[in-house]
Amino acid sequence: ARGYDLLERACRAEQWQACANAAIMARDGLAHDADWASARDYFEMACDGGIASACNDLGIMWMQLADRSGDERWRDPALLVFIASCDGGDGAGCSNAARQLREGRGVPTDPVRAYDLALRGCDAKSARACLLASEMRRTGDGVESDQESARELRQKACDLGRPAACDLVDSTAD
(Lines give C-alpha, C1' and ligand atoms only; values in the text may rest on other atoms or scores of the structure.)
Protein backbone atom coordinates (compact mmCIF):
# COMPACT_ATOMS: atom_id res chain seq x y z
CA ALA A 1 0.00 0.00 0.00
CA ARG A 2 2.96 2.33 0.59
CA GLY A 3 3.92 2.20 -3.08
CA TYR A 4 0.39 3.16 -4.04
CA ASP A 5 0.45 6.07 -1.60
CA LEU A 6 3.72 7.30 -3.14
CA LEU A 7 2.23 7.03 -6.63
CA GLU A 8 -0.83 8.99 -5.54
CA ARG A 9 1.40 11.72 -4.11
CA ALA A 10 3.51 11.84 -7.30
CA CYS A 11 0.34 11.97 -9.38
CA ARG A 12 -0.94 14.97 -7.42
CA ALA A 13 2.45 16.56 -8.24
CA GLU A 14 1.60 16.09 -11.94
CA GLN A 15 3.93 13.16 -12.52
CA TRP A 16 1.64 11.67 -15.16
CA GLN A 17 3.27 8.24 -15.41
CA ALA A 18 2.70 7.89 -11.65
CA CYS A 19 -1.00 8.53 -12.31
CA ALA A 20 -1.03 5.76 -14.91
CA ASN A 21 0.71 3.37 -12.52
CA ALA A 22 -1.68 4.26 -9.68
CA ALA A 23 -4.59 3.64 -12.06
CA ILE A 24 -3.32 0.16 -12.89
CA MET A 25 -2.88 -0.64 -9.20
CA ALA A 26 -6.40 0.64 -8.42
CA ARG A 27 -7.97 -1.20 -11.35
CA ASP A 28 -6.23 -4.48 -10.57
CA GLY A 29 -6.59 -4.26 -6.79
CA LEU A 30 -2.82 -4.35 -6.22
CA ALA A 31 -2.83 -2.02 -3.20
CA HIS A 32 -6.38 -2.21 -1.87
CA ASP A 33 -9.58 -3.72 -3.21
CA ALA A 34 -10.09 -3.02 -6.90
CA ASP A 35 -11.48 0.50 -7.30
CA TRP A 36 -12.65 1.26 -10.83
CA ALA A 37 -13.71 4.82 -10.02
CA SER A 38 -10.22 5.71 -8.77
CA ALA A 39 -8.64 3.86 -11.68
CA ARG A 40 -10.76 5.84 -14.13
CA ASP A 41 -9.85 9.13 -12.47
CA TYR A 42 -6.13 8.33 -12.51
CA PHE A 43 -6.22 7.09 -16.11
CA GLU A 44 -8.00 10.35 -17.08
CA MET A 45 -5.31 12.44 -15.37
CA ALA A 46 -2.52 10.45 -17.01
CA CYS A 47 -4.23 10.62 -20.41
CA ASP A 48 -4.75 14.37 -20.07
CA GLY A 49 -1.07 14.57 -19.07
CA GLY A 50 -0.01 12.95 -22.35
CA ILE A 51 0.51 9.30 -21.35
CA ALA A 52 -0.80 7.59 -24.50
CA SER A 53 -1.06 4.11 -23.00
CA ALA A 54 -3.25 5.51 -20.20
CA CYS A 55 -5.66 6.86 -22.83
CA ASN A 56 -5.90 3.36 -24.30
CA ASP A 57 -6.47 1.82 -20.86
CA LEU A 58 -9.19 4.40 -20.17
CA GLY A 59 -10.87 3.56 -23.48
CA ILE A 60 -10.83 -0.13 -22.58
CA MET A 61 -12.49 0.73 -19.25
CA TRP A 62 -15.20 2.75 -21.05
CA MET A 63 -15.84 -0.15 -23.46
CA GLN A 64 -16.04 -2.64 -20.57
CA LEU A 65 -18.45 -0.33 -18.77
CA ALA A 66 -20.65 -0.19 -21.87
CA ASP A 67 -20.51 -3.99 -22.20
CA ARG A 68 -21.40 -4.53 -18.54
CA SER A 69 -24.11 -1.89 -18.27
CA GLY A 70 -25.56 -2.13 -21.76
CA ASP A 71 -25.28 1.67 -21.91
CA GLU A 72 -23.87 2.57 -25.31
CA ARG A 73 -23.16 6.19 -24.25
CA TRP A 74 -19.74 5.07 -22.95
CA ARG A 75 -18.55 3.99 -26.39
CA ASP A 76 -18.18 7.51 -27.81
CA PRO A 77 -15.77 8.71 -25.10
CA ALA A 78 -13.91 5.41 -25.52
CA LEU A 79 -13.31 6.20 -29.19
CA LEU A 80 -12.09 9.69 -28.33
CA VAL A 81 -9.47 8.42 -25.88
CA PHE A 82 -8.45 5.57 -28.20
CA ILE A 83 -7.77 8.21 -30.87
CA ALA A 84 -5.87 10.35 -28.33
CA SER A 85 -3.81 7.26 -27.49
CA CYS A 86 -3.12 6.70 -31.18
CA ASP A 87 -2.21 10.34 -31.69
CA GLY A 88 0.26 9.89 -28.83
CA GLY A 89 1.96 7.02 -30.66
CA ASP A 90 0.37 4.05 -28.87
CA GLY A 91 -0.27 1.32 -31.45
CA ALA A 92 -2.79 -0.48 -29.23
CA GLY A 93 -4.91 2.68 -29.09
CA CYS A 94 -4.85 2.90 -32.89
CA SER A 95 -5.88 -0.75 -33.14
CA ASN A 96 -8.75 -0.32 -30.67
CA ALA A 97 -10.01 2.84 -32.41
CA ALA A 98 -9.79 1.13 -35.81
CA ARG A 99 -11.69 -1.93 -34.61
CA GLN A 100 -14.41 0.21 -32.99
CA LEU A 101 -14.88 2.26 -36.17
CA ARG A 102 -14.84 -0.80 -38.41
CA GLU A 103 -17.41 -2.65 -36.30
CA GLY A 104 -19.49 0.44 -35.49
CA ARG A 105 -19.50 -0.32 -31.78
CA GLY A 106 -21.48 2.63 -30.43
CA VAL A 107 -20.30 4.89 -33.25
CA PRO A 108 -21.08 5.05 -36.98
CA THR A 109 -18.97 2.68 -39.04
CA ASP A 110 -16.16 4.40 -40.93
CA PRO A 111 -14.00 1.83 -42.73
CA VAL A 112 -11.80 4.43 -44.43
CA ARG A 113 -10.85 6.01 -41.12
CA ALA A 114 -10.59 2.56 -39.52
CA TYR A 115 -8.05 1.45 -42.13
CA ASP A 116 -6.01 4.64 -41.65
CA LEU A 117 -5.95 4.08 -37.88
CA ALA A 118 -5.01 0.41 -38.32
CA LEU A 119 -2.08 1.42 -40.53
CA ARG A 120 -0.96 4.00 -37.98
CA GLY A 121 -1.12 1.33 -35.30
CA CYS A 122 0.88 -1.05 -37.45
CA ASP A 123 3.51 1.66 -37.97
CA ALA A 124 3.54 2.07 -34.17
CA LYS A 125 4.40 -1.64 -33.86
CA SER A 126 1.01 -3.10 -32.93
CA ALA A 127 0.77 -6.59 -34.41
CA ARG A 128 -3.02 -6.56 -33.84
CA ALA A 129 -3.29 -3.37 -35.89
CA CYS A 130 -1.18 -4.92 -38.67
CA LEU A 131 -3.50 -7.94 -38.81
CA LEU A 132 -6.57 -5.72 -38.90
CA ALA A 133 -5.07 -3.59 -41.69
CA SER A 134 -4.15 -6.78 -43.55
CA GLU A 135 -7.68 -8.14 -43.30
CA MET A 136 -9.13 -4.82 -44.49
CA ARG A 137 -6.61 -4.63 -47.36
CA ARG A 138 -7.36 -8.22 -48.39
CA THR A 139 -11.15 -7.70 -48.43
CA GLY A 140 -11.13 -4.13 -49.77
CA ASP A 141 -12.84 -2.81 -46.64
CA GLY A 142 -12.16 0.95 -46.50
CA VAL A 143 -9.32 0.66 -48.99
CA GLU A 144 -8.72 -0.86 -52.43
CA SER A 145 -8.17 -4.61 -52.23
CA ASP A 146 -4.51 -5.57 -52.70
CA GLN A 147 -3.39 -9.09 -51.84
CA GLU A 148 0.34 -8.31 -51.89
CA SER A 149 -0.06 -5.38 -49.50
CA ALA A 150 -2.21 -7.60 -47.28
CA ARG A 151 0.55 -10.23 -47.26
CA GLU A 152 3.17 -7.61 -46.35
CA LEU A 153 1.04 -6.45 -43.42
CA ARG A 154 0.65 -10.06 -42.22
CA GLN A 155 4.43 -10.43 -42.46
CA LYS A 156 4.91 -7.30 -40.37
CA ALA A 157 2.53 -8.69 -37.73
CA CYS A 158 4.57 -11.91 -37.74
CA ASP A 159 7.81 -9.94 -37.41
CA LEU A 160 6.28 -8.10 -34.44
CA GLY A 161 5.88 -11.42 -32.65
CA ARG A 162 2.31 -12.50 -33.44
CA PRO A 163 2.70 -16.27 -34.11
CA ALA A 164 -0.78 -16.66 -35.64
CA ALA A 165 0.18 -14.05 -38.25
CA CYS A 166 3.22 -16.12 -39.23
CA ASP A 167 0.92 -19.00 -40.15
CA LEU A 168 -1.13 -16.63 -42.33
CA VAL A 169 1.68 -14.83 -44.18
CA ASP A 170 1.25 -16.74 -47.43
CA SER A 171 -2.46 -17.31 -47.00
CA THR A 172 -5.17 -15.42 -48.87
CA ALA A 173 -7.49 -15.54 -45.86
CA ASP A 174 -7.08 -13.87 -42.46
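Figured I'd write up the structure that's included with this text. Quantities reported herein were computed from a predicted structural model and do not represent experimental measurements. (Residues numbered from 1 in each chain as written. Predicted model: local features only at pLDDT ≥ 70, side-chain atom pairs only at ≥ 80, totals over all residues. Heavy atoms only, no water.)

### A short note on the environment of R68
Right, on to step 1. Residue placement: R68 occurs in helix α4 (residues 52-69).
Right, on to step 2. Residue R68 is classed as exposed on the basis of its relative accessible area, which comes to 61%.
Right, on to step 3. The spacing of R68 and L160 is 92 residues in sequence and 32 Å in space, taken between C-alpha atoms. (Helix = DSSP H or I, 4+ residues; strand = E, 2+ residues; numbered from the N terminus. Buried < 20%, exposed > 50% of the residue type's maximum accessible area, 1.4 Å probe, protein only.)

### A look at the state of the cysteines
Right, on to step 1. Counted by the stated rule, this structure contains five disulfides.
Right, on to step 2. Between the sulfur atoms of C86 and its disulfide mate C94 the distance is 2.0 Å. What sets the handedness of the C86 and C94 disulfide is the S-S torsion sign, and at about 90° it is right-handed.
Right, on to step 3. A sulfur-sulfur separation of 2.0 Å characterises the disulfide bridge that pairs C158 with C166. Across the disulfide from C158 to C166, rotation about the S-S bond amounts to roughly 95°, and the bridge is consequently right-handed.
Right, on to step 4. By relative accessible area, C158 is classed as buried at 17%.
Right, on to step 5. Here C166 falls in the partly exposed class, since its relative accessible area comes to 33%.
Right, on to step 6. Here the chain pairs its bonded cysteines, counted in sequence order, in the arrangement 1-2, 3-4, 5-6, 7-8, 9-10. (Disulfide = S-S within 2.5 Å.)

### Let's talk about the side chain of S95
Right, on to step 1. Along the chain, the position of S95 falls in helix α6 (residues 91-103).
Right, on to step 2. Excluding anything up to four places from it in sequence, S95 contacts S126, R128, A129 and L132. (Contact = heavy atoms within 4.5 Å.)

### Some thoughts on the side chain of N96
Right, on to step 1. Secondary-structure assignment places N96 in helix α6.
Right, on to step 2. Look at N96 and you get buried, because its relative accessible area is 14%.
Right, on to step 3. For N96, the side chain forms a polar contact with the side chain of R128, separated by 3.5 Å.
Right, on to step 4. Excluding residues within four positions of it along the chain, N96 makes contact with N56, I60, F82 and R128. (Polar contact = N/O pair within 3.5 Å; in protein donor to acceptor, adjacent residues only side chain to side chain.)

### Considerations on helix α5 (residues 75-87)
Right, on to step 1. The first and last C-alpha atoms of α5 sit 18 Å apart over 13 residues, in line with the 18 Å expected at 1.5 Å per residue.
Right, on to step 2. G89 lies just past α5 and shows a positive phi near 95°. (Expected span 1.5 Å × (residues − 1).)

### Focus on the environment of T139
Right, on to step 1. Inspection of the secondary structure puts T139 in helix α8 (residues 127-139).
Right, on to step 2. What makes T139 partly exposed here is its relative accessible area of 41%.
Right, on to step 3. Taking the C-alpha atoms as reference, T139 lies 24 Å from C86; in sequence the two are 53 residues apart.
Right, on to step 4. If we ignore the near neighbours within four places in the chain, the residues touching T139 are R102 and S145.
Right, on to step 5. Here E135 takes part through its backbone oxygen, which lies 3.0 Å from a polar atom of the side chain of T139.

### Section: the pattern of salt bridges
Right, on to step 1. What the rule picks out here adds up to 12 salt bridges.
Right, on to step 2. Its salt-bridge partner being R40, residue D41 comes within 3.4 Å of it at the nearest N-O pair.
Right, on to step 3. Accessibility expressed as a relative area gives 29% for R40, which makes it partly exposed.
Right, on to step 4. In this structure, the salt-bridge partner of E103 is R99, at a minimum N-O distance of 3.8 Å. (Salt bridge = Lys/Arg side-chain N within 4 Å of Asp/Glu carboxyl O.)

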